[in-house]
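Okay, here's what each chain looks like letter by letter:
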Amino acid sequence: MNTSPTHNRTELEQLSKPLIKKVAIIGAGLGGLAVAIALRKLGYDVQVYEKAQDFRPIGAGLGLFPNGLNFLDAISPGIVETIKNSGCVVKTSVLKNIQGETIRANPANSYHNYGHPLTTVWWWRLQQILASQLPAENIHLNHRCIGFKQDEHSVNIFFENGKQVSADLLIGCDGINSVVRDTLIGNGQPRYLQSMSWRTVIKYNQEILNPGELGFVKGNKDFMFLLNVGEDYISWVYRRFSPDIMISKNAEDAKSLVLSNIADWGESLRSLVEATPAAQIAENPICDRLPLNSWTRGRVTLLGDAAHPMSPSIGQGANSTFEDAYELALCFSQASRIEDALANYEQRRIPRTKLIQNRSALGEMSYYATDRTEIDKQMQEQSNMTSEEFQNWVFNYKLDQSLNPVNP
Ligand SMILES: Cc1cc2nc3c(=O)[nH]c(=O)nc-3n(C[C@H](O)[C@H](O)[C@H](O)COP(=O)(O)OP(=O)(O)OC[C@H]3O[C@@H](n4cnc5c(N)ncnc54)[C@H](O)[C@@H]3O)c2cc1C
């Protein structure tokens, strides 16, 4: 801070005042909760508004990579140990044929070189772990944001339930169909990436994966991930190339569709899908949006999928979101004006997430390609990095400073 004698009293008062006091976050997903924890550490009054009526067990497993885990640990030291205990530290990744037989097993120990092992976890448990780090009264369920208005002093946020709150800073963490982004920039339709997804988490005691394994089944224009997510729960994610979006009429139809698609797969894999209650299978088109050049207007910004929705092909959606959360808080801990903090946040985050978004879109298609030469060429051109260099660049992303409270 510049405290030179040329500053008059009012300027000094201004500089010593906290930059912001009240922060409103829309969305209690992984990004909203992570950034809430980070900003509370700086001493801000942080309130999170979530449209869901309660935290329900969502059927998704996630792979957490070293970059995401490094940043989570910086936000809340010790949290990664809790996550590892809840999920599964991957020791081996196995490639299976459609009969369910393992045809290759690769040790997954290279991730350790970047600070943390690859860890698979149930999305819902991760959400619970993050939420448990915040006072319950700071998370407001049943608050669907429908818009906001800002001026030079504050931002007013409106909810479907008729409530209205005012804050110094608004962060839209409301996912790929973000209302905050739509109000701020205008959304349009997400871009469909010609890939459909069906996924769930179920308790499953049959031997389909050994402890510490992550499975990948390569079919013809389709594939399946098998994730151990702890305590005998397995997440299966089935994806299939589909030029058009296909939305089933009901849950039973969605399950039947998956079963008919894998009719020639082995018994162990079909049984896993058969054992899944239809209502627990989430059917989604895989979508992203083109990267933006700016995420901010005034005192409103975006984070996570609201800012940079990407295909899950390289598993960086949540991981890059944890980087956003830490870096946004870091920018506020260092700046003396909101504009500077948010400009610095964009400078740090947009170039990196743009590259990851673009690579993820190509990655989705590479799963289905019979000849990867053209896709590999495009990937190389996009980032000027080989696949190995790109992976190293993603996982090796380091925190450059620690978070210090603004108002100790
Ligand atoms: C099939 C699949 C597999 C994936 N696998 C991985 C993986 O292995 N690794 C990885 O890193 N990422 C993965 N991802 C991506 C990851 O799930 C997301 O990138 C991550 O959850 C982003 O977090 P977020 O908080 O930005 O958004 P979300 O997690 O989508 O959370 C948004 C929250 O906002 C709430 N909300 C929405 N609208 C409103 C509103 N108007 N008012 C109030 N609340 C609202 C929602 O209810 C939700 O709680 C995967 C995604 C898919 C589809």
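Draft legend 1. Local environment of the site of the ligand. The full set close to the ligand counts 31 residues, and Gly31, Glu50, Gly63, Asp305 and Ala318 are the nearest of them. Here an oxygen atom of the ligand sits 2.6 Å away from a polar atom, N or O, in the side chain of glutamate 50. Look at the ligand: alone it shows 1,000 Å² of surface, and the protein chains cover 86% of it. For the shell around the ligand, the elements supplying multiple residues, two or more each, are helix H2 (30-41), strand E3 (61-64), strand E13 (191-203) and helix H9 (317-334). Examining the composition of the shell around the ligand, we find that four residues originate from one element, H9, more than from any other. When the residues that make up the shell around the ligand are grouped by side-chain class, the tally is eleven nonpolar, 14 polar and six charged. Shared between two domains, the shell around the ligand takes at least three residues from each, and those domains are domain 1 (17-54 + 141-189 + 292-395) and domain 2 (56-126 + 191-288).

Draft legend 2. Seen up close, the packing of H9 against helix H10 (residues 338-366). In the contact formed by H9 and H10, the axes pass within 8 Å of each other and the chain directions differ by 150°. Judged by the angle between their axes, H9 and H10 are roughly antiparallel. Relative to H10, the crossing made by H9 is right-handed. Of the residues in H10, those touching H9 at Ser320, Glu323, Asp324, Glu327, Leu328, Leu330, Cys331, Phe332 and Gln334 are Ile338, Ala341, Leu342, Asn344, Tyr345, Arg348, Arg349, Arg352 and Thr353.

Draft legend 3. Structural detail: helix H7 (residues 251-261). Regarding H7, the residues found buried are Ala254, Lys255, Val258, Leu259 and Asn261. Buried residues in H7, looked at end-on, bunch into an arc of 165°, giving them a common side. Residues of H7 that are buried in the fold lie against E13, strand E15 (222-228), strand E16 (233-241), helix H8 (267-274) and strand E17 (282-288). The residue sitting at the N-terminus of H7 and contributing the capping side-chain oxygen is asparagine 250; that oxygen lies 3.2 Å from the backbone nitrogen of glutamate 252.

Rules and cut-offs
- Residues take numbers from 1 onward in each chain, read along the sequence in its written order.
- Restriction of local features to residues with pLDDT of at least 70 applies here, the model being predicted, together with a cutoff of 80 or more for giving and counting side-chain atom pairs; totals for whole chains, interfaces and linings are based on all residues.
- Side-chain metrics rest on all non-hydrogen atoms present in the structure, leaving aside hydrogens and water.
- Whether a residue is near a molecule or strand depends on its heavy atoms: if one lies within 4 Å, it is near.
- For the purposes of these results, a polar contact is taken to be a pair of N or O atoms within 3.5 Å, where, inside protein, one atom must be able to donate a hydrogen and its partner to accept one; residues adjacent in sequence count only when each atom of the pair is a side-chain atom.
- Only the protein chains shown count as cover for residues, and all accessible areas are computed by the Shrake-Rupley method using a 1.4 Å probe.
- Secondary structure follows DSSP: runs of H or I at least 4 residues long count as helices, runs of E at least 2 residues long count as strands, and numbering of each begins at the N terminus.
- Only Asp, Glu, Lys and Arg are considered charged, only Ala, Val, Leu, Ile, Met, Phe, Trp, Tyr, Cys and Pro nonpolar, and every remaining residue, Gly among them, polar.
- All domain edges in this entry derive from an automatic or database-based domain assignment.
- Structural elements are reduced to axes, namely lines fitted to C-alpha atoms, with helices fitted over the stretch in contact, and the angle between N-to-C directions of any two is expressed from 0 to 180 degrees.
- Between 65 and 115 degrees an angle is taken as roughly perpendicular, under 35 as roughly parallel, over 145 as roughly antiparallel, and anywhere else as oblique.
- We call a crossing left-handed when the near helix sits turned anticlockwise from the far one by less than a right angle, and right-handed when that turn is clockwise.
- Residue contacts follow a heavy-atom distance rule, with two residues in contact if any of their heavy atoms lie within 4.5 Å.
- Categorising residues by exposure relies on relative accessible area from a 1.4 Å probe, with only protein chains included: less than 20% of the type maximum marks a residue as buried, more than 50% marks it as exposed, and the intermediate range marks it as partly exposed.
- Read the arc as the range of directions from the helix axis to the C-beta atoms.

The values are spatial; any link to function lies outside them.
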